[in-house]
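# Secondary and tertiary structure notes
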Amino acid sequence: MSKPKIAIVVGSTRAARFADAPTQWIAKIAKTHADIDVEVVDLRDWPLPFFDEVASSAWAPSQNEVAQRWQKKVAGFDGFIFTAAEYNHAPTAVLKNAIDYAANEWNKKPAGFVGYGSVGGARAVEQLRLIAVELQMAPVKSAVHIAWGDFLAVRQGEKKLEDIEHLNQAAAALVNDVAWWAKVLKAARAADAIAGEAQAA
Ligand SMILES: Cc1cc2nc3c(=O)[nH]c(=O)nc-3n(C[C@H](O)[C@H](O)[C@H](O)COP(=O)(O)O)c2cc1C
């Protein structure tokens, strides 16, 4: 079986975003993990409208062309690490919208989070964990929380994320968790598919 493919989903799209720093850092760490392939997926490249379909794509095929391509893109991954900015104690609207624009494609795959903000994006990450459960994902325990002191120091160029040891440790644990669950769930999904084919034959 091929290596699980993990997407690093950039959860903020504004011009002045901080998201690029955690994205590049976590992608570099994830790419050193021997068991997974890693790709950065930037929501800036996915100009989805605000959700405007007759139903979730779990119930009715989406009409929007970007949405159709987005669902295929999500389907191609075996696990996800989301960078999680916190806007008013919640995930960004752009990330929630992108999550809503796929459905079954998220199912039975792990979700990990790199949060940042005053309390390390913890409130946004906790909400994202609940959303992930509704999408039948497996949110992993380990997470990165870049809290205010480190966040400001990195944003002001006083520190680099790669030099902050406790964050490097958290990132390694997060990547390990996502890689483990991605491998296990990929095998389980493949077994389900084989069983389904046998039943249909
Ligand atoms: C609309 C808005 C609301 C925000 N609310 C919070 C918040 O509730 N908690 C927090 O820690 N930071 C909050 N912030 C500050 C963000 O953590 C900070 O701007 C961060 O850089 C956002 O991520 P981004 O730059 O990748 O978009 C907020 C920022 C914006 C723009």
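Quick notes on the rules
Residues numbered from 1 in each chain as written. Predicted model: local features only at pLDDT ≥ 70, side-chain atom pairs only at ≥ 80, totals over all residues. Heavy atoms only, no water. Near = heavy atom within 4 Å. Polar contact = N/O pair within 3.5 Å; in protein donor to acceptor, adjacent residues only side chain to side chain. Areas by Shrake-Rupley, 256 points an atom, 1.4 Å probe, with all protein chains shown as cover. Nonpolar A, V, L, I, M, F, W, Y, C, P; charged D, E, K, R; others polar. 1 Å grid on protein atoms, 1.4 Å probe; cavity = no way out; pocket = protein on both sides within 12 Å on 5 of 7 lines; lining within 4 Å. Points joined across faces, edges and corners; volume = space filled by probe spheres on them. Helix = DSSP H or I, 4+ residues; strand = E, 2+ residues; numbered from the N terminus.

### Points about the site of the ligand
Near the ligand lie 15 residues; those nearest to it are Ser12, Phe18, Tyr87, Tyr116 and Ser118. Separating an oxygen atom of the ligand from a backbone N or O atom of Ala19 is a distance of 3.1 Å. Glu86 is positioned with one of its side-chain polar atoms (N or O) 2.9 Å from a nitrogen atom of the ligand. In isolation the ligand has 610 Å² of accessible area, and contact with the protein removes 77% of it. In the shell around the ligand, the residues fall into six nonpolar, five polar and four charged.

### Concerning the layout of surface pockets
The calculated volume of the largest pocket comes to roughly 230 Å³. Around the largest pocket, the lining comprises 14 residues; the ones closest to its centre are Ser56, Ala58, Ala103, Glu134 and Leu135. Every element with two or more residues in the lining of the largest pocket is listed here: α3 (93–100) and α4 (122–134). A per-element tally of the lining of the largest pocket places α3 first, with three residues. For the lining of the largest pocket, the residue count by class is seven nonpolar, four polar and three charged. Roughly 160 Å³ of internal volume is contained in the second largest pocket. If you trace the second largest pocket, you find 13 residues lining it, with Arg14, Phe18, Tyr87, Tyr116 and Phe151 closest to the centre. Looking at which element gives the most residues to the lining of the second largest pocket, the answer is helix α5 (residues 148–155), with three residues.

### Thoughts on empty space enclosed by the protein
By the definition in use, this model includes one cavity of 30 Å³ or more. Its boundaries defined by the atoms lining it, the largest cavity holds a volume of some 40 Å³. Lining of the largest cavity is provided by Phe82, Ile99, Phe113, Leu128, Ile131, Ala132, Leu135 and Met137. Counting residues per element, the lining of the largest cavity draws most heavily on α4, at three residues. Across the lining of the largest cavity, the residue classes break down as eight nonpolar, no polar and no charged.

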